[in-house]
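Residue-level structure breakdown
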Amino acid sequence: MSSEKFKTLESPAVPLPIENVDTDQIIPARFLKATTREGFGENLFRDWRFDKSGAPKEDFVLNKNTYTGKILVAGKNFGSGSSREHAAWAIHDYGFKVVVSSFFADIFKNNALNNGLLPVQVSDSFLLTLFKAIESNSDTQIKVDLEAQLISIVASGESESFEINPYKKECLLNGYDDIDYLLRMKEKIVQFEKSRS
């Protein structure tokens with residue numbers, strides 16, 4: 001499934017300074033019955049967002065009007081636990097385009113990249129800088145430049161580079177999924193096969 005192209009995003013951010021957030025906290029197992037990617041956002045962090053009666057918990061960050069934006073800034077070791085792809089679906093479906101942390105579980109990172117969600121891994125110190133900037137001003141603009149592989153705080157100019165698999169970078173920049181990428185190379189594949197016969 002093709003997704004929209006990602007080049008640069010400038011947005012306020014939602015802070016979630018909790019470490020070791022696992023995929024069952026991101027999207028509880030009881031909501032994994034659907035087979036399409038749509039609709040998971042409404043149950044993102046379900047047990048943290050709502051009480052047992054279904055009422056929103058006022059103290060949870062997604063229920064506060066203070067923070068908005070398309071960037072989720074999370075604590076260290078985000079996305080650990082089971083390999084469910086639904087975790088990336090839920091975050092993307094809720095409206096986030098980027099998740100920032102100082103460490104991601106590998107399977108979550110790959111699932112995110114495969115679903116148009118950019119995981120930006122930064123140093124512990126820069127993550128703390130981001131949390132402080134957002135805490136002091138909830139409207140703090142964060143800029144993520146995928147082409148330059150740079151994340152920055154717009155007001156202060158503080159920035160840090162991040163790594164990304166070159167293949168996944170090209171896919172995100174062009175809005176490709178794996179099938180799109182292969183179809184784009186169809187002529188080269190045909191020529192290669194002809195050269196072998």
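Details of the structure are given in the entry above.
Residues numbered from 1 in each chain as written. Predicted model: local features only at pLDDT ≥ 70, side-chain atom pairs only at ≥ 80, totals over all residues. Heavy atoms only, no water.

Considerations on the overall build of the protein
Of the regular secondary structure elements, the protein holds eight helices and eight strands. In the protein, which comprises 197 residues, the share counted as buried stands at 44%. Contacts spanning at least 24 positions in sequence make up 64% of the contacts within the protein whose residues lie at least 6 apart. For the protein, the exposed surface amounts to about 10,500 Å²; the carbon and sulfur share of it is 49%. (Helix = DSSP H or I, 4+ residues; strand = E, 2+ residues; numbered from the N terminus. Buried < 20%, exposed > 50% of the residue type's maximum accessible area, 1.4 Å probe, protein only. Contact = heavy atoms within 4.5 Å. Areas by Shrake-Rupley, 256 points an atom, 1.4 Å probe, with all protein chains shown as cover.)

Thoughts on the side chain of Ser 101
Looking at the element boundaries, Ser 101 is found in strand β4 (residues 98–101). Classification of Ser 101 as buried rests on a relative accessible area of 0%. With sequence-adjacent residues up to four places away left out, Ser 101 is seen in contact with Ala 74, Gly 75, Lys 76, Asn 77, Phe 78, Val 120, Gln 121, Val 122 and Leu 127.

Points about the packing of aromatic side chains
One pass over the structure, following the stated rule, counts eight aromatic pairs. For the pair Phe 40 and Trp 89, a centre-to-centre distance of 5.5 Å together with 55 degrees between the ring planes defines the contact as tilted. Residue Phe 40 is located in the loop between α1 (23–26) and α2 (46–49), and its partner Trp 89 is located in helix α3 (residues 86–94); the two are separated by 49 residues in the primary sequence. Here Phe 40 falls in the buried class, since its relative accessible area comes to 3%. With a centroid separation of 5.3 Å and 80 degrees between ring planes, the pair formed by Phe 78 and Phe 108 is classed as edge-to-face. (Phe/Tyr/Trp six-rings, centres within 6.5 Å; stacked < 30°, edge-to-face > 60°.)

Brief notes about the pattern of salt bridges
Any two side chains of opposite charge can pair, given that their charged atoms come close. Enumeration over the complete set of coordinates arrives at three salt bridges. Its salt-bridge partner being Lys 97, residue Glu 4 comes within 3.6 Å of it at the nearest N-O pair. Note that Glu 4 is positioned in the segment before β1 (8–11) and Lys 97 in the loop between α3 and β4, a separation of 93 residues in sequence. Relative accessible area serves as the criterion here: at 57%, Glu 4 is assigned to the exposed category. With a shortest N-O distance of 3.0 Å, Arg 84 and Asp 24 are connected by a salt bridge. One end of the pair, Arg 84, is in the loop between β3 (71–74) and α3; the other, Asp 24, is in helix α1, and 60 residues separate them in sequence. (Salt bridge = Lys/Arg side-chain N within 4 Å of Asp/Glu carboxyl O.)

A word on the environment of Ser 3
Mapped onto the fold, Ser 3 is located in the segment before β1. Judged by its relative accessible area of 28%, Ser 3 falls in the partly exposed class. It is 7.9 Å that separates the C-alpha atoms of Ser 3 and Leu 172, two residues lying 169 residues apart in sequence. Apart from residues lying up to four places away in sequence, Ser 3 is in contact with Gly 116 and Gly 175.

Describing the sheet that holds strand β7 (residues 150–153)
In spatial order, the strands read β1-β6-β7-β8; together these four strands make up an open sheet with antiparallel pairing. Strand pairing shows two members of the sheet lacking a second neighbour, β1 and β8 (159–161), which therefore form its edges. Across the sheet, the mean angle from the axis of one strand to that of its neighbour is 10 degrees, orientation sign disregarded. Of the pairings in the sheet, the one linking β7 to β8 comprises three bridges and is antiparallel in character. Its bridge partner lying in β8, Ser 152 is registered against Ser 159. Along the sheet, helix α5 (residues 124–136) contacts β6 (142–145), β7 and β8; its crossing angle with β7, the most-contacted strand, is approximately 35 degrees. (Pairing = 2+ DSSP bridges. Axes fitted to C-alpha atoms, helices over the stretch in contact; angles between N-to-C directions.)

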